[in-house]
Amino acid sequence: MEFVPQKGNVIFLGTVGVGKTHLATALSYAACLEGHSVLFADAIAVVNDLMAAQKTGSLKNAIKKYLRPQTLCLDEVGYLAIDHGGADLLFQVISQRYERGSIILTTNKPFKQWSSIFNNDSTIASAVLDRLLHHAETVIIEGPSYRMKDQIQT
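The shown structure was predicted, so the numbers you read here are calculated from the model rather than taken from an experiment.

Draft legend 1. A look at the packing of aromatic side chains. Per the stated rule, a full pass over the model turns up 2 aromatic pairs. A ring pair is formed by Phe111 and Trp114, whose centres lie 5.7 Å apart and whose planes are at 70°; its orientation type is edge-to-face. Classification of Phe111 by relative accessible area gives partly exposed; the value is 25%. Ring centres of Trp114 and Phe118 lie 6.1 Å apart, and the angle between their planes is 45°; on these two criteria the pair is classed as tilted. We note that Trp114, like Phe118, is buried. Aromatic rings pair up to connect Phe111, Trp114 and Phe118 into one cluster.

Shown next as structure tokens:
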């Protein structure tokens, strides 16, 4: 749990069903047990929340919600593409958390494909990755889907 006080990040990267969310949840829970504040959120839910707040003029407060905890767990980054406005908003959160708070992140996309997540904007993707990876441990998980383990192999 040293990464939390060091304001580092943990990234779980792997295909569908390999346990990324399960591991992120367990790591978040362990951080809570050590007295650290944690917010767990689906990446698209964060984007949608920030976009709604922007429309109502409450963006500053909405961003604070994601900056406040010592650890922000962003689940499923890359499962759905984010439009330009959403990419800008998610960048703001990640950028403002840089060296101020830790991030646990799960993704199914290799880093080379991250521009596809951010509306094919390689500049935003590079800036996000620059901040995330600077103080990060990346855990690559390979293997078959846990959900499919009981399916008959043909």
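Draft legend 2. Here's a closer look at the side chain of Thr106. Within the secondary structure, Thr106 sits in strand β4 (residues 102–107). Within polar-contact distance, the side chain of Thr106 engages the backbone nitrogen of Glu76 at 2.7 Å. Setting aside chain neighbours within four positions, we find Thr106 in contact with Phe12, Lys20, Thr21, Ala24, Leu74, Asp75, Glu76 and Val77.

Draft legend 3. Region of interest: unusual backbone geometry. Of note in the backbone geometry, Lys7 takes a positive phi value of approximately 60° without being a glycine. For Lys7, the position within the fold is in the segment before β1 (9–14). Even without being a glycine, Glu99 presents a positive backbone phi close to 60°. Within the secondary structure, Glu99 is located in the loop between α4 (84–97) and β4.

Criteria and thresholds
Residues numbered from 1 in each chain as written. Predicted model: local features only at pLDDT ≥ 70, side-chain atom pairs only at ≥ 80, totals over all residues. Heavy atoms only, no water. Phe/Tyr/Trp six-rings, centres within 6.5 Å; stacked < 30°, edge-to-face > 60°. Buried < 20%, exposed > 50% of the residue type's maximum accessible area, 1.4 Å probe, protein only. Helix = DSSP H or I, 4+ residues; strand = E, 2+ residues; numbered from the N terminus. Polar contact = N/O pair within 3.5 Å; in protein donor to acceptor, adjacent residues only side chain to side chain. Contact = heavy atoms within 4.5 Å.

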